[in-house]
Each structure stands twice: as C-alpha cells, then as structure tokens.
Amino acid sequence: MIRLAIDFGSSVTKIYIPGSGVVLMEATCIAVEKIDDNGERRLGVKAYGDKARALSGRAAVNTHIVNPVFEGDIVHENLAACLLQNFLEKVEVTKRKAKKTEALFILPCGCTPELKEKYKRVAAECGIGSVYFTITPFAAVLGHNVAISESTPMFCIDIGYGITNIAVLSRDGLIKGVNVNIGGGNIDVHLIDIIAENHGLKIGTQTAEKLKNTVGSLLHDDNKMIVADGREVKSGAPASLAVNSSQLADIIKTYVDKVIEYSSALMTKLSAEVSSGIVRGGIFLSGGLIKMDGLAEYIEEKLKIPVNLPEEPQLAAVIGAGAILSNDDLFDVFATD
C-alpha cells in the first residue's frame, strides 16, 4: 500500500510520502492550447507545473495558463485531474499503482461537502484507491513537530497564496475556525497595480511574486533592493525600475493587518480558559508568506502573543499530514473520509 499526503494548493502542490519526505513541490499550474481537430475545438496540454508557470506572460496567443485550484477551491476539475495525474507519475505512482494508494488531502478549515466531492472525483479520475481528508490547521500544527493534546488549546494561522486558515484546536477537534480569501496572491496583484499606477511600469505576475519574495519585508528600515523589468504603460517599451523593501511594506501590511483583524475577532469569541491556554502556548504560524523577514515579529507585536515558527513554513501542512499518515493514532483522530 502506497500512502501519500497531498497539499493541492492554489499556487504550489506538495506531495509527501512517509519514509521519503516531501517528494514533489511544483506550481499548481497547467498550460493548455486550443486545437482544431477536424473541425472540433479541444484543449491540448502543453506543459505542467513549473514548466507551465514559466510560460506565463510568454505563451503563444492560443495557449492559456490555468490554475485549476483557486482560493482553496477546485475550479477546473478536468484540468486538476490531469495535473495531479502528471504529478503522481513524477513520484512514480502510475495509474496501476494508484489503485493501491491511500491519499490524504489537506483541505481548508470549514470546507464544504461539495468541495470534498470535487476532490473525490479528481482522485477517482487519477485512479486513487482510497481518499481521506484532514484540515489545514491540524496538519500545520503537527508540522511544527509538536503534539496536540486534549487539554491544551492551540492557535494556528496558516497564510497561503490564495487562502488563510485561522483556527483554535485541540485533540478533541476544532474549537473555532475560519478561512478567509487573503494570501500572498493578493499582495502580488496589488503590487502589479501600484507599480503601474505610481511608476508607469507594467510588470507580470512572476515579477511581482519575485519582488514580494526577494525584498518584501516588515522589518523597520529594511533597505533590500531589486530591479524589476517590465514595459512602460504608455508606450509599451521595455523598461526597468529599482524597487526597495520600504515601497512594499504598506502593501504587505494591508493584507497582514486583515489577517490580524480576523484573528483578533476569533479570539474574542473564545472562553477565558481557552484564551489563557493560547497565551501560554503561543500562536503556531505556517504558510509560505511566513518566511518573509519581520512578518512573524509583526504578528507577535500586533496580537501581543508569542509566535512559534516551523523549520519550513511552506511545508508545515504537508509534513504534518505526513505525520498523520505515519501514525495510526493520529490518523484515527485527524483523518476523515
């Protein structure tokens, strides 16, 4: 029996195999082109994953770059199945082997039965034999390599690309939780708009993401700088612009402050006993954006509660899901079908 933990994220897909660790980390992206087949139009796949993302902004007119997962939801089931099948083959899980495979998918907090059905249909299309689910907060906290007890509540904030999960949990289950459509992708879009509006330079999504990941910072007086290439809005001519950390800080804070606002609102709904437990245990942070310089410290300062960081924030959830697969007791508690 092959067991897989799969984080089918809006931006990046991660696959974990117990005993091997994270075996795949690629863009949740597929490039398709329209093909005229004897008078009938159909879609042909041109590239998968990172190769597809590399075509963004550079593809031919009839080629479309599609993200089949958006804000935690599968929005293109057929393309999602096609992409996942390709990823499974990359980790040597062929369709024949998939029949003897158990897959644990990580879903957003508060996911609907309809979303679970979408995942089941995608998994069935890939030939996966058994499908189970866990939610991001459970997986992300376990990805810190800590135990979840029945008596001690734990507060989790997982900031992904398209969605943020905020939850209080214990081994008994979810105490309070919410997912909000805020993430690193919002920052990218805002950066594109602001640079076009204030500097007359049109940049692409990959450039915006590179700016965020390279010079994005919430440290005071951070002065990292990078040159962004694009084209002039008015003339369309190639152009470049030097961008530093201070220019991005307010944009980043706009979305981080919203996460903090939702987190504070959730805290006000907790009992005194749960609140005191959180103050003692701190907040467990995860998600790709948490790697940003100064962001964890900013959250700690605003919420006035210590924060805990995993070794690999972007991988915390899939590593935690791998821990669930590797331990029958955890699987019985935190996995559902």
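Structure: above.
Residues numbered from 1 in each chain as written. Predicted model: local features only at pLDDT ≥ 70, side-chain atom pairs only at ≥ 80, totals over all residues. Heavy atoms only, no water.

S.K.: Just give me the short version of the overall build of the protein chain, but keep the residues and values in it.
M.R.: Regarding its fold elements, the protein chain presents twelve helices and 18 strands. Its C-alpha atoms give the protein chain principal-axis dimensions of roughly 65 × 55 × 30 Å. The buried share among the 337 residues of the protein chain stands at 50%. Contacts spanning at least 24 positions in sequence make up 61% of the contacts within the protein chain whose residues lie at least 6 apart. Counting only carbon and sulfur atoms, one obtains 48% of the accessible surface of the protein chain, whose full area is about 15,900 Å². Separation of charge centres in the protein chain, based on 34 positive and 41 negative side chains, amounts to 4 Å. (Helix = DSSP H or I, 4+ residues; strand = E, 2+ residues; numbered from the N terminus. Buried < 20%, exposed > 50% of the residue type's maximum accessible area, 1.4 Å probe, protein only. Contact = heavy atoms within 4.5 Å. Areas by Shrake-Rupley, 256 points an atom, 1.4 Å probe, with all protein chains shown as cover. Lys, Arg positive; Asp, Glu negative; His and termini not counted. Charge placed at Lys NZ, Arg CZ, Asp CG, Glu CD.)

S.K.: If you had to explain helix α8 (residues 245–267) to someone new, which residues and values would you point to?
M.R.: The terminal C-alpha atoms of α8, which comprises 23 residues, lie 31 Å apart, in line with the 33 Å expected from a rise of 1.5 Å per residue. The sharpest bend along α8 reaches about 30° and sits at isoleucine 252. Within the sequence span of α8, burial applies to Ser245, Leu248, Ala249, Ile251, Ile252, Tyr255, Val256, Val259, Ile260, Ser263, Leu266 and Met267. (Expected span 1.5 Å × (residues − 1). Bend = angle between axes of the 7 residues up to and from the residue.)

S.K.: Report on empty space enclosed by the protein, specifying residues and quantitative values.
M.R.: The full count for this structure, using the stated rule, is one cavity of 30 Å³ or more. There is about 30 Å³ of room inside the largest cavity. In terms of lining, the largest cavity is formed by Ile159, Ile182, Gly183, Ile187, Tyr255, Val256, Val259 and Leu289. Ranked by residues supplied to the lining of the largest cavity, first place goes to α8 with three residues. Split into classes, the residues belonging to the lining of the largest cavity amount to seven nonpolar, one polar and no charged. (1 Å grid on protein atoms, 1.4 Å probe; cavity = no way out; pocket = protein on both sides within 12 Å on 5 of 7 lines; lining within 4 Å. Points joined across faces, edges and corners; volume = space filled by probe spheres on them. Nonpolar A, V, L, I, M, F, W, Y, C, P; charged D, E, K, R; others polar.)

S.K.: I'd like a rundown of the environment of threonine 207, residues and numbers included.
M.R.: For threonine 207, the position within the fold is in helix α7 (residues 205–215). For threonine 207, a relative accessible area of 23% gives the class partly exposed. Those residues in contact with threonine 207, other than ones at most four positions away along the chain, are Ala228 and Asp229.

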